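Report on the structure
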Amino acid sequence: MAEPGGWRAPSLSDIEVLAERVFSGLPQGFRDLCRGVVIHVVDFPDEETLNEMNAESEFDLLGLFRGLGLAHAGASAPTGALPNMVWLYRRPLLDYWCEGEDTLEAVVAHVLIHEIGHHFGLSDADMEAIEARIP
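A brief structural summary. Residue positions are given per chain, counting from 1 as you read along its sequence in written order. Totals for whole chains, interfaces and linings use every residue, but because this is a predicted model, local features are given only for residues with pLDDT of at least 70 and side-chain atom pairs only at 80 or more, for both listing and counting. Just so you know, side-chain values use all the structure's heavy atoms and leave hydrogens and water out.

**Comments concerning the overall build of the protein chain**
Only DSSP runs of H or I covering at least 4 residues are called helices, and only runs of E covering at least 2 are called strands; the numbering of each starts at the N terminus. When its secondary structure is counted, the protein chain shows six helices and three strands. Looking at the protein chain as a whole, 33% of its 135 residues qualify as buried. Contacts: residue pairs with any heavy atoms within 4.5 Å of one another. At a minimum sequence separation of 6, the contacts of the protein chain that also span at least 24 residues come to 66%. Calculation of accessible area relied on Shrake-Rupley with a 1.4 Å probe; when residues are assessed, cover is drawn exclusively from the protein chains displayed. Carbon and sulfur atoms form 52% of the exposed surface of the protein chain, whose accessible area is close to 8,300 Å². A simple rule labels every residue: compare its accessible area, found with a 1.4 Å probe on the protein chains alone, to the largest value its type can have, and call it buried under 20%, exposed over 50%, or partly exposed in between.

In structure tokens, the structure reads:
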């Protein structure tokens, strides 16, 4: 439902579309290495995640990588392990976006690249270089 004046807050599916657009714009070699990583968008992190990350508020986390990253490729995954996942948290993303000057797509790109970077064990400098290559 649109707000007065025709504006509505971006939905979960809107953020998913942005994340897919950002992902498709990443360098092909980077995307190839991401096979099997699932991007999941929800409004907020769950209580367990907030406690585990020592978050003071449900708005403290914009995204999170969960799984066994490529940096740990030699380790065997436990039986029944979930796939590697990047969680994007819609409401904190929107809050961050509203307080800043970047576009929502730029915010989603930054968080997605940062969280995927954990999958690869990349440094902040590596992630910044990848982010700079996005059109």
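**Examining the nonpolar core**
Ranked by size, the top nonpolar core spans 25 residues in total, and within it I15, F30, V86, L88, L93, V108 and I116 carry the most contacts. Counting residues per element, the ones that place at least two in this core are α1 (12-25), β3 (85-89), α4 (90-99), α5 (104-120) and α6 (124-132). When residues in this core are grouped by element, the largest group, nine residues, is from α5. Not counting the four nearest positions on each side in its chain, I116 is found in contact with F23, L26, F30, C34 and V86. Among buried residues, those of type Ala, Val, Leu, Ile, Met, Phe, Trp, Tyr and Cys that are joined through side-chain atoms within 4.5 Å constitute a nonpolar core. Listed in part, the five residues of the second largest apolar core include V42, L50, L64 and Y89.

**Observations concerning the packing of aromatic side chains**
Here is the rule: rings of Phe, Tyr and Trp (six-membered ring for Trp) pair when centre to centre is within 6.5 Å. Planes less than 30 degrees apart are stacked, more than 60 are edge-to-face, and the remainder are tilted. Per the counting criterion, the structure on display carries one aromatic pair. Ring geometry for F44 and F59: centres 5.1 Å apart, planes at 85°, overall edge-to-face. Of this pair, F44 sits in the loop between β1 (38-42) and α3 (47-52) while F59 sits in the loop between α3 and β2 (63-66), and the two are 15 residues apart along the sequence. A relative accessible area of 30% places F59 in the partly exposed class.

**Observations concerning the pairing of β3**
Of all five residues in β3, four are buried; the element is thus mostly enclosed. At least two bridges found by DSSP between two strands is the condition for calling them paired. As paired strands, β2 and β3 are joined by four bridges and run antiparallel to one another. Counted as the bridge partner of R66 is M85 from β3.

**Some thoughts on the packing of α5 against α6**
Helix axes are fitted to C-alpha atoms over the stretch in contact, other axes to C-alpha atoms as well, and angles between N-to-C directions run from 0 to 180 degrees. Where α5 contacts α6, the axes come no closer than 10 Å and their chain directions differ by 140°. Relative to α6, the element α5 lies oblique. Judged by the sense of rotation from one axis to the other, the crossing of α5 with α6 is right-handed. Residues A106, H110, I113, H114 and G117 of α5 touch α6, and the partners they reach there are D124, M127, I130 and E131. Asp, Glu, Lys and Arg are counted as charged, while Ala, Val, Leu, Ile, Met, Phe, Trp, Tyr, Cys and Pro are counted as nonpolar; the rest, among them Gly, fall into the polar class. When the residues that make up the contact of α5 with α6 are grouped by side-chain class, the tally is four nonpolar, three polar and two charged. When an angle is under 35 degrees it counts as roughly parallel; over 145 it counts as roughly antiparallel; between 65 and 115 it counts as roughly perpendicular; any other value is oblique. Here a crossing is taken to be left-handed if its near helix is turned anticlockwise relative to the far helix by less than a right angle, and right-handed if that turn runs clockwise.

These values are about where atoms sit, not about what they do.
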